[in-house]
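Structural overview for review
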Amino acid sequence: MRGRRFRLYSLRSSGINPSGFHPSQIPFYLILAPLVAFMLLPIIFIFSTAFKPLEELFAYPPRFFVVNPTLKNFRDLLSLMSISDVPVTRYLFNSIVVTLASMVASLFISSAAAYALSKKRFRLKQTLFAVNTVALMFVPIAVTIPRFLIIAKTGLIDSFLVHILPGLAMPVGVFLLKQFMDTVPNEVIEAAQIDGASDLQIYWRIILPMVRPALATMAILTFQATWNNADTSALYINIESLKTFAFYLSTLSATTAGANLVAGQGMAAAAALIMFLPNLIIFIFLQSQVMSTMSHSGLKG
Amino acid sequence: MKAMGNSFRAWLYREGNAYAFLAPYAILFILFIVVPVIAAVLLSFTYFDTIQFPQFIGLRNYITLLTQDDIFMKYVLPNTIEFAVIVGPGGYMLAFLLAWMLAQLPRLPRTILALILYSPSMTSSVTMAVVWQTLFSGDQNGYLNSYLLNLGLIQETIQWLQSPQYLMPIMIVVTLWSSMGVGFLAMLAGILDINPELYEAAAIDGMSSRWQEIFYITIPSMKPQMLFGAVMAIVGTFQAGAIGVALSGSNPTPQYAGQLIVNHIEDYGFLRYEMGYAAAISVVLLLMVLFFTRLANRLFRSEEER
């Protein structure tokens, strides 16, 4: 049987998920190369510009790649004060606190909800999961205004919690976690129940360790959503010292470092790089976990 | 009374834990998703200027939107449709084709290329605006202008982000650039998970072309992932609406060239404080998303569900 399968593989010459290089893959490399280069270009540009010294930023004609890299842009950025005397490091600190708190909270809240939707038995289970699935197509930007009114009513304006709480309602996260938990065999849970394990123990000791890839994916999605979020600060926070780095960066583009102010470009790129790098590093470390979660992302119509 | 207490206790014993696990998420879900949607629908039937209590005015907001809002009909709606059709289905098909091509490569190059294609979606559109403004800067110091001048393709500098004819194409390219997100990864995983024996069986049955394989094996075998990807593409498309304002630096965008429905909502909600009218536009947006998701549902409904 194995030999037969091997022969058929070689008959088809190549296919999905090949184990090595084969000449038939060359066309794919040729088509992908320019597309990948195009996708990569703006990111290389951020790297390059972030390390450019002033004279290269002013150079005419402008040069894409940096020649004499320097850290000056980062130093300038971090020592910069916003118009209202808040140091940039404060924005950065806020972003880090808010992002970490969101990640921890959303991991617990979403996985607990997913556990109930996947493994518990109760009458409204199917209905509630269906509601969550419909909410996958929820477009937060569409209800900015009623959300604003509700947040104003609940007294969350100008509180640190407003950075965290709305983002915790993340239907995609619960959906992915639930789909992944469905793959944990029920026998494992039944065995634990016979041994007298409580729900909390089953959730904590059995389910969570078994769905680590989905938790990693959830962590990444929450990180991206929170770390990149500039809207919350713009809409719900009036106190400058409670705003986040992403917000500060969005004001850079509008005011001090607009496209015409060449000197600001370097700092803006340095800031964009600080925004982007943590995303990239976390994703590189967790990419195999993300891919195994995505195998279970299927949505039944 | 006692019986009721007992049955409640029995229910609590049976289902209480499940609701306890659900409760924190459910509360946030209701507060930040369900209530805002209901509030948007209710507000859409009122006149509300944020100072006085909302006044019920029936369907007048919708009637105004459809009959008197020239900007909506002349710019916002056509722009939104153009943007959504190219970025939505266009980006979706691109994501599938890229995922499919990546699946034909061995693991290491596939992982590296997938990472590169995915990485733009990790940037946030607001912060990237700074970078795009530098690249598309209108003076001769702008990178694009400088290169095109050098190559002799243009004679004088172009105000890329301020001219109505270029803003929309740039918005589309920029959004497509960052649209290879979660849906793209889901489709890649879906393609890789297809049982190779299906392809072998098809090869024995005489299926020879790659296109046949895609349409008769790959897509039907991964319908759930295709649907997930489609929903993500639709939501991402409408969510990306702020890009025009971010690029041009002004709402409304120059001559309304990049004005999308999301900007129209903000224009009325936060600049003119006509919250009722803005809510009506929000409801129209939500209905559009619902409509397109329904359409995707039709296309990729799994066989056994029919």
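That block above? That's the structure.
Residues numbered from 1 in each chain as written. Chains lettered and ligands numbered in written order. Predicted model: local features only at pLDDT ≥ 70, side-chain atom pairs only at ≥ 80, totals over all residues.

Description of the interface of chain A and chain B
So the rule is basically this: Note that contacts rest on C-beta atoms placed from the backbone: two residues are in contact if these are within 7 Å. Helix and strand assignments follow DSSP, with helices taken as H or I runs no shorter than four residues and strands as E runs no shorter than two, numbered in order from the N terminus. Lys, Arg, Asp and Glu make up the charged group, whereas Ala, Val, Leu, Ile, Met, Phe, Trp, Tyr, Cys and Pro make up the nonpolar group; the residues left over, Gly among them, are polar.
The partner chain B presents 87 residues to the 87 residues of chain A that form the contact. Here the side of chain A that touches chain B takes 15 residues from helix α15 (residues 262-294) of chain A, the largest share from any one element. Looking at the side of chain A that touches chain B residue by residue, the class counts come to 61 nonpolar, 20 polar and six charged.

Some details on unusual backbone geometry
What counts here: Exposure is read from a count of other C-beta atoms within 10 Å of each residue's own; the residue is exposed at 12 or fewer, buried at 20 or more and partly exposed in between. C-beta atoms are placed from the backbone.
For D158 of chain A, which is not a glycine, the phi torsion comes out positive at approximately 65°. Tracing the chain through its elements places D158 of chain A in the loop between α7 (144-153) and α8 (161-168). Of the residues examined, D158 of chain A has 11 C-beta atoms within 10 Å and is grouped as exposed. Its identity as a non-glycine residue notwithstanding, Y256 of chain B has a phi of 60°, on the positive side. You can see Y256 of chain B is positioned in the loop between α12 (243-248) and α13 (261-271). By the C-beta count within 10 Å, which is 20 here, Y256 of chain B ends up buried.

Some thoughts on the environment of R75 of chain A
Residues and elements named next belong to chain A. Mapped onto the elements, R75 comes out in helix α4 (residues 72-79). Residue classification places R75 among the exposed residues on the basis of 12 C-beta atoms within 10 Å. In this structure the C-alpha to C-alpha distance between R75 and G266, which are 191 residues apart in sequence, comes to 11 Å.

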